[in-house]
Amino acid sequence: MKFSNSKDFLNKLNTKVFAFISIHMAGFLVLYIMQENGTLKPLLEGDARKTADTASLVLLVVFFVLGYMAHAKEIKKSLEVEDLREKLLIANTATIKKYIYFTVGALCLIAGFAVSAQPYYAGVYALTLIVVSTSIPSAHRIARKLKLDREQGLKVLDNDPID
């Protein structure tokens, strides 16, 4: 990834993040509209539906936890690096990995919605979006997570050129 300053870096990174979010949001919106129109019919009933519901919710949580763990593991690597550009590239990789996990988890939730057509999935998905949106990269979040020293932190926060 090529970037000249933190704004350029964040614009490119957040474009990828929002692309991941739009993947599952589009799928959810289609199913939600179908449910509102009465055209979404459950594919499973009884115990099979309950099992699918439980599995989709458990998988959502598992993939979110895995996403946070993968992110933390990658960010740890950045603490061993001195160069700001290299730290930001590691943060890019960490964030992409986290959002891949988030997307897979959200798609598991959407699959559960598709097979059971239960209305509570709208609420669970809304909570999912809140969790996802709280970790969208910003200059302050990057500076804090990467534990940048004062000089590097000011470069990121003030949008100064990054060598």
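Just above, that's the structure.
So, a few notes on the structure that sits alongside this text. (Residues numbered from 1 in each chain as written. Predicted model: local features only at pLDDT ≥ 70, side-chain atom pairs only at ≥ 80, totals over all residues. Heavy atoms only, no water.)

**Comments concerning the packing of aromatic side chains**
- Summed over all chains, the structure comprises ten aromatic pairs.
- Seen in terms of ring centroids, Phe-28 and Tyr-32 are 5.8 Å apart; in terms of plane orientation they differ by 25 degrees. Their pairing is stacked. You can see Phe-28 and its partner Tyr-32 sitting in helix 1 (residues 6–37), four residues apart, about one turn around the helix.
- Aromatic side chains Tyr-120 and Tyr-121 sit 5.0 Å apart centroid to centroid with 20 degrees between the ring planes, which places their arrangement in the stacked category.
- Take Tyr-120: its relative accessible area is 35%, and that puts it in the partly exposed class.
- The exposure class of Tyr-121 is buried, given its relative accessible area of 1%.
- The aromatic ring of Phe-3 is capped on one face by Arg-85, whose charged end is 4.4 Å from the ring centroid. (Phe/Tyr/Trp six-rings, centres within 6.5 Å; stacked < 30°, edge-to-face > 60°. Helix = DSSP H or I, 4+ residues; strand = E, 2+ residues; numbered from the N terminus. Buried < 20%, exposed > 50% of the residue type's maximum accessible area, 1.4 Å probe, protein only. Lys NZ or Arg CZ within 6 Å of the ring centre and 35° of its normal.)

**What to know about the packing of helix 1 against helix 3 (residues 84–116)**
- Interaxial distance between helix 1 and helix 3 falls to 10 Å at its minimum, and their mutual angle equals 0 degrees. What the angle tells us is that helix 1 and helix 3 run roughly parallel.
- Taken together, the residues of the contact of helix 1 with helix 3 sort by class into 19 nonpolar, six polar and one charged. (Axes fitted to C-alpha atoms, helices over the stretch in contact; angles between N-to-C directions. Parallel < 35°, antiparallel > 145°, perpendicular 65-115°, else oblique. Nonpolar A, V, L, I, M, F, W, Y, C, P; charged D, E, K, R; others polar.)

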